[in-house]
Every structure is written in C-alpha cells, then in structure tokens.
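Architecture at a glance
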Amino acid sequence: MKKIQMVDLQGQYAKIKAIVDPSIEEVMNSAAFINGPKVHRFQKNLEDYLDVKHVIPCANGTDALQIAMMGLGLKPGDEVITADFTFAATVEVIALLQLTPVLVDVDPVTFNIDVNAIKKAITPKTKAIVPVHLFGLPAEMDEIMALAKAHNLYVIEDNAQAIGANYTHKDGRKTKAGVIGDVASTSFFPSKNLGCYGDGGAIFTNNDDLAHTIRGIVNHGMYKRYHHDVVGVNSRLDSIQAAVLDAKLPHLDDYNKARRSAAKKYNEAFKDHPNITVPSGLDVCNGICDTCDCHVFHQYTLNLKNVDRDALVAHLQEKQIPCGVYYPIPLHKQKAYTDDRYNEADFTVTNQLVKSVISLPMHTELDNEQIDFITSTVLNFINAN
Ligand SMILES: *Cc1c(COP(=O)(O)O)cnc(C)c1O
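Residues numbered from 1 in each chain as written. Predicted model: local features only at pLDDT ≥ 70, side-chain atom pairs only at ≥ 80, totals over all residues. Heavy atoms only, no water.

On to the nonpolar core. In this structure, Ile81, Phe85, Val104, Ile113, Ile118 and Ile144 are the most contacted members of the largest nonpolar core, which totals 31 residues. Contributions of two or more residues to this core are made by β2 (79-83), β3 (100-104), α5 (115-121), α6 (141-151) and α11 (348-356). Here this core spans two domains, since at least three of its residues come from each of domain 1 (9-250) and domain 2 (252-384). If sequence neighbours within four positions are ignored, isoleucine 113 has contacts with Ile81, Thr82, Ala83, Val104, Asp105, Val106, Asp107, Ile118, Val130, Pro131, Ala139 and Ile144. By size, the runner-up hydrophobic cluster in this structure holds 27 residues, among which are Ile321, Cys323, Leu360 and Ile382. (Core = buried A, V, L, I, M, F, W, Y, C linked by side-chain atoms within 4.5 Å. Buried < 20%, exposed > 50% of the residue type's maximum accessible area, 1.4 Å probe, protein only. Helix = DSSP H or I, 4+ residues; strand = E, 2+ residues; numbered from the N terminus. Domains from an automatic or database assignment. Contact = heavy atoms within 4.5 Å.)

Here we take up the packing of helix α1 (residues 9-30) against helix α8 (residues 239-248). Where α1 meets α8, the closest approach of the two axes is 9 Å, and the angle between their N-to-C directions is 140°. Relative to α8, the element α1 lies oblique. Relative to α8, α1 is oriented so that their crossing is right-handed. Contacts from Gln12, Ile16, Ile19, Val20, Ser23, Ile24, Val27 and Met28 of α1 reach α8 at Ser239, Ile240, Ala243, Val244, Ala247 and Lys248. Among the residues forming the contact of α1 with α8, the class breakdown is ten nonpolar, three polar and one charged. (Axes fitted to C-alpha atoms, helices over the stretch in contact; angles between N-to-C directions. Parallel < 35°, antiparallel > 145°, perpendicular 65-115°, else oblique. Left-handed = near helix turned anticlockwise from the far one by under 90°. Nonpolar A, V, L, I, M, F, W, Y, C, P; charged D, E, K, R; others polar.)

Remark: a regular strand shows side chains that alternate across the two faces of the sheet. Counted residue by residue, strand β13 (residues 300-304) has five buried out of five residues, so it is predominantly covered. Alternating residues of β13 divide into Tyr300, Leu302 and Leu304 and Thr301 and Asn303, and every residue in both groups is buried. Looking at chain direction, strand β12 (residues 276-277) and β13 are connected through two bridges and run antiparallel. Bridge pairing links threonine 277 to asparagine 303 in β13. In terms of strand pairing, β13 meets strand β14 (residues 357-360) through four bridges, oriented antiparallel. When the sheet's bridge partners are listed, leucine 302 is paired in β14 with isoleucine 358. (Pairing = 2+ DSSP bridges.)

In structure tokens, the structure reads:
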C-alpha cells in the first residue's frame with residue numbers, strides 16, 4: 001500500500017507535471033514575474049469558471065478577506081458577525097482592521113454558521129456577516145442573504161475551503177459558492193482544493209464599483225500611477241503561481257469529484273455506526289452521488305459520540321494514518337479573541353465539536369486500498385474501546 005498522507009500533493013503533481021512545468025518555464029523565460037500575462041489569463045479563466053464578473057488575484061486568502069473588508073469601507077467599531085468554529089484568519093482580519101468581531105455558534109449537522117445565532121447577534125452596529133463555507137460545504141446562503149437584506153448588511157463569503165462547490169438555491173438554481181454574497185475571498189494555499197505551489201488568493205465580486213475599489217487597494221491604493229487615493233496594501237499573486245493555477249483550473253472539477261468519491265466510500269463504511277455521524281449537508285441533494293456537487297470535501301470530518309477522540313488520534317498515528325483535528329479550540333476561547341461579552345451558553349455546539357470531531361485523510365489521490373485500511377482501522381478501534 002502507498003504511504004497514506006493527509007494531502008498528497010506529490011502524487012497530484014506527478015500527474016500534471018507535463019502541463020505545469022512548461023507553464024512555469026514560460027514565466028521564467030518571459031521574466032514577467034509580476035502582473036504578467038499568466039496572471040491575467042488565470043483571472044479571466046477563473047471568472048468564466050465561477051461565472052462571476054470580477055476576480056481580483058492577491059497574495060493569500062487572509063489578505064483577500066482583509067481587502068474585501070477594506071473595499072466595503074468598514075470602519076473601526078463596526079460589528080462583523082462570523083463563525084466561532086473556523087480557521088483563525090477569518091476573525092483575525094476583522095480584529096486587525098479594528099472592526100469588532102462577533103463570534104456566533106455553528107450548526108451541529110453542517111458545522112456552518114447558525115442562521116438563528118446570526119439573527120440573535122445583530123445589533124444597530126452590525127455591518128457585515130462572514131459565512132465560512134467550512135470543509136467545502138456552502139453555508140445556508142439563501143437564509144443569510146435574506147437576513148442581510150432585511151438588516152442592510154454586507155455578506156462576505158470566506159470561500160477558502162469550497163472553491164468549485166455548487167450552492168443549490170431554494171428555487172433549484174445552482175451557483176458557485178463565492179459568487180452569492182457582495183464579495184468573497186479564497187485561498188490558493190497548496191493544500192486547498194485549488195492550490196498553487198506557494199501562497200496565493202483571490203477576491204470575487206459581481207459589483208463593478210467594488211471591484212474597481214479593490215483593484216486599487218491591492219496596489220497601494222493607486223488608481224493612477226503614483227496617485228494614492230486610499231490607504232492600500234501590497235498584495236499580488238505572482239506569475240509563477242498563476243501559471244500553476246491556470247494549469248490546474250481545468251482539473252478542478254475532477255479533483256473535487258475525486259474528493260467526493262473518497263467521501264462516498266468513507267460514508268458507506270461509517271454511516272450506520274451508532275458512535276459516528278458522517279459529514280452532512282449531503283442530504284440536500286439526496287445523498288452523495290456522482291452528480292451531487294454541493295460539497296467539495298476540503299476536509300472529511302466525522303463527529304464522534306462516546307469515543308475517546310484523542311485516543312483514536314493516537315491510535316491512527318501509530319498505524320501511520322495521518323489525521324487532523326479541525327479545530328481544537330473555539331475562536332471565542334483563543335487568547336487573542338476572548339471578550340467579556342461572550343456567554344458560554346451561546347457556544348454549546350462549537351464547545352462540543354472541538355472535542356468530538358476528527359478529519360481523515362482527504363485528497364485527490366486516495367485509492368481503495370488506503371480507504372479500506374483507514375475505515376477498518378477506525379472501526380476496529382471504536383468497536384474495541
Ligand atoms: C486557509 C484559510 C484561510 C486563509 O488562507 P491563507 O491563504 O492561508 O491566508 C482563510 N479562511 C479559511 C476558512 C481558510 O481555510
């Protein structure tokens with residue numbers, strides 16, 4: 001059996017080396033390292049893929065979030081509501097801009113931001129909601145957009161984990177995650193579903209004015225050379241990363257399909273076990289199937305009941321099966337983000353999930369032998385303990 005990895009970037013690269021290497025070499029030969037034609041081409045191709053008017057490439061997914069918030073003109077003291085159960089980048093940039101983060105609980109089934117908790121957290125100071133499409137499953141965007149409209153709030157989608165996912169609206173229409181809110185951010189960190197070979201990120205929007213504002217912000221607030229109209233940042237996707245991404249973009253749907261196929265096999269092994277809840281959100285399209293494309297499984301995460309999660313982690317490590325705990329500490333309990341306003345009773349779901357979730361290896365190169373070994377090792381441990 002091939003050695004099991006949490007993410008197999010070498011295996012993936014080996015299959016596309018013949019496309020990626022010449023694309024990188026072209027950049028080297030042209031020496032157009034910054035803002036070269038590769039960046040422009042990737043931007044256009046991603047706009048077409050997502051069916052969005054504007055993609056603005058930038059240096060990483062954290063910058064993308066920050067720049068989206070700067071572009072919306074959010075001001076110190078404005079409250080921004082986001083999920084307690086996510087990667088810290090989301091809350092970090094809110095705090096960095098001196099906006100007030102308001103963390104709220106998530107749904108125990110989808111792990112995504114709880115719409116009722118958002119409703120409860122809205123005050124006259126609230127200016128924006130940041131849903132995170134966690135682990136590759138879009139948040140409940142129809143409900144969130146309706147709530148935002150009723151309270152005149154911006155919606156910034158953190159799409160770092162769900163690029164390529166489809167969101168099925170209540171009327172049956174499908175759109176890509178990341179093109180529903182006012183603006184969205186994504187990350188091309190190597191392990192993300194569309195990853196480059198270094199750092200990268202992008203902002204998406206259908207709003208022409210906002211796109212114009214953001215294009216200036218990523219470039220030192222310049223709209224005309226050496227005229228700095230607003231305080232900006234320096235955040236660029238370099239041409240080598242764009243070359244990698246442009247070579248990989250045509251494969252994104254197949255990559256996400258491979259992830260779903262691995263998830264389906266995991267689900268089949270685990271779904272009837274009384275101590276295991278398999279990832280959900282799949283029932284919105286009647287179970288995982290070849291045409292079901294709403295979840296792109298950035299992570300495959302089980303929720304365990306009456307299982308010593310940490311002992312399982314140790315056991316898997318012993319068997320050379322990598323795994324992860326995303327995320328082990330709720331953001332509201334992180335030193336940097338604690339706040340007297342928070343009440344533990346409002347975070348019952350996140351407080352539980354941090355103790356009971358485990359993420360299994362998930363990538364585009366998992367084979368049946370590896371999946372069988374992983375599922376039997378997990379089940380044997382749970383049944384024996
Ligand atoms: C990865 C990630 C980010 C940050 O992306 P970087 O490119 O690493 O800066 C932000 N939000 C979420 C939910 C992420 O998973």
